[in-house]
Amino acid sequence: MKRIEIGTAVSEGAGVVKGWLRVGDMPDGRPMRIPVLIARGAAEGPTLWLHGAVHGNECCGVFVLHELVRTRDPRTLAGTVVALPILNITAFHRKQRMSPFEGFSGGDLNRCFPGRPDGTLTEQMAHHVYAGLRAHADYFIDLHTALTDDTRWALFAAAGGDVGSRAEGMARAFGFASTLPAPMDILAGSAMMTAARDGIPSLIVEAGGKGPAFTPALVAEVCERLRNVMRHLRLLPGAVTDHGSLTYFSSFAWVRASRGGLFQRAVRCGDRLEKGTVLGQYYTLWGDPDGEAVSPHPGIVLAIHPGPVMASGETLVHIGLDPRAA
Ligand SMILES: [Zn+2]
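Figured I'd write up the structure that's included with this text. (Residues numbered from 1 in each chain as written. Predicted model: local features only at pLDDT ≥ 70, side-chain atom pairs only at ≥ 80, totals over all residues. Heavy atoms only, no water.)

## Describing the pattern of salt bridges
Consideration 1: The full count for this structure, using the stated rule, is 18 salt bridges.
Consideration 2: Between Asp28 and Arg30 there is a salt bridge; the shortest N-O distance is 2.8 Å. Comparing Asp28 with Arg30 shows no difference in burial state: the two are exposed.
Consideration 3: Of the charged contacts, one joins Glu58 and Arg97 as a salt bridge, the two residues approaching to 3.5 Å between their closest N and O atoms. (Salt bridge = Lys/Arg side-chain N within 4 Å of Asp/Glu carboxyl O. Buried < 20%, exposed > 50% of the residue type's maximum accessible area, 1.4 Å probe, protein only.)

Here's what the structure looks like:
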């Protein structure tokens, strides 16, 4: 079998190997390194490459990837799963979105791909990860969260042609109802768009919220949906579950809070919005009702601020636009 080497994780046959990929140096000189899992079947097949915690406080996907590898006899695979469950390791240490050592740019790892060997810390991290992805991945899935535990949507790189249609096939096999065929001119520097431009069909899953805002049931569900994608790709044997019609969007809108205050949301992810639908209620520090936040667009709620503390400029709501059955 072809040798697959990702840092110290070296796979030459069926089974699971674990290791470390060095992505930089810590200030004290220790290596800055991230965990790598390679699960390989006895039969040849495609390589599915998976990322978790690209943003360090998005941990639902970490547990999903651990469960996906742990609960499977790798010999039943026809092909290979490469899982990097904690991509932004120093952000993860601090339970925050971006690395505490990123002092120059914004440091959003999912805007830095394919990275640069001589760039900022985060660009160098992206470079070390993307070299392996580019060399080995036939398909790519990136696991994120939004703000609250009811977040459930996905987006695939609508690259057109075979790459786009194979990405759409993954999205349908994953089967979250809210799905965006993402136009190729958005999310520049994301691993998904970068991989798609390199011919690798790519999907982002948004499941659960920041920090502890996810449940074991959601982890199990996302894991099973990933197994269904693997059956669709013939990485796993068995019949593919048909999730039926999905709701597609033309694009999305981020809506920022125009004011601050104590805030209680009134909608959940997946709810349908009209222009003017009440999103939540503001209160003063003395407990008096102090106005409502309303939706500026019709659409579907992809993410909503959890409250209870809102500053102006925070993400109030993320709306999927022009929903249609597809
Ligand atoms: Zn994220």
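After that view, the rundown keeps rolling.
## Points about the coordination of the zinc ion
Consideration 1: Protein coordination of the zinc ion is provided by His55 (ND1), Glu58 (OE), Glu58 (OE) and His144 (ND1), with donor distances spanning 2.0 to 2.5 Å.
Consideration 2: What the 4 donor atoms of the zinc ion show is an angle range of 56 to 150 degrees at the metal, which sorts the shape as irregular.
Consideration 3: We note that the donor set of the zinc ion lies within a single chain, spaced as H-x2-E-x85-H. A residue pair is termed long-range when its members are at least 10 positions apart, and Glu58 in the loop between β5 (43–52) and α1 (60–70) and His144 in strand β7 (residues 139–144) qualify at 86 residues.
Consideration 4: The class of Glu58 is buried, set by a relative accessible area of 3%. (Donors = N, O, S within 2.8 Å, 3.2 Å for Na, K, Ca; no water. Tetrahedral: all angles 85-135°; square planar, octahedral: opposite > 155°, others 65-115°. Helix = DSSP H or I, 4+ residues; strand = E, 2+ residues; numbered from the N terminus.)

## Examining the nonpolar core
Consideration 1: Counting residues in hydrophobic clusters, the biggest one holds 73 residues, and the most contacted among them are Ile141 and Leu203.
Consideration 2: Among the elements that make up this core, the one with the highest residue count is helix α6 (residues 216–232) (7 residues).
Consideration 3: With sequence-adjacent residues up to four places away left out, Ile141 is seen in contact with Leu48, Trp49, Leu50, His51, Met170, Leu203, Val205, Leu226 and Val229.
Consideration 4: Of all hydrophobic cores here, the second largest spans 17 residues; its members include Tyr282, Val301, Val317 and Leu321. (Core = buried A, V, L, I, M, F, W, Y, C linked by side-chain atoms within 4.5 Å. Contact = heavy atoms within 4.5 Å.)

## Focus: the sheet that holds strand β16 (residues 289–294)
Consideration 1: A sheet is described by the order of its strands in space; here 4 strands give the open sequence β16-β15-β13-β18, paired in antiparallel fashion. Where the open sheet ends on each side, the last strands, each with one partner, are β16 and β18 (309–310).
Consideration 2: Of the strand pairs in this sheet, strand β15 (residues 278–283) and β16 are connected by 4 bridges, and their pairing is antiparallel. Within the sheet, the bridge partner assigned to Gly280 lies in β16 and is Ala293. (Pairing = 2+ DSSP bridges.)

## Points about the side chain of Glu206
Consideration 1: Along the chain, Glu206 turns up in strand β10 (residues 202–207).
Consideration 2: Comment: no salt bridge for buried Glu206; closest opposite-charge side chain is Arg97, at 7.5 Å.
Consideration 3: Not counting chain neighbours up to four residues away, the residues in contact with Glu206 comprise His144, Thr145, Ala146, Thr151, Arg152, Trp153, Leu155 and Phe176. (Lys, Arg positive; Asp, Glu negative; His and termini not counted.)

## Here's the deal with the side chain of His318
Consideration 1: Within the secondary structure, His318 is located in strand β19 (residues 315–321).
Consideration 2: Of the residues examined, His318 reaches a relative accessible area of 3% and is grouped as buried.
Consideration 3: His318 has contacts with Trp153, Phe252, Ala253, Trp254, Ile300, Val301, Leu302 and Ala303, leaving out every residue within four places of it along the chain.

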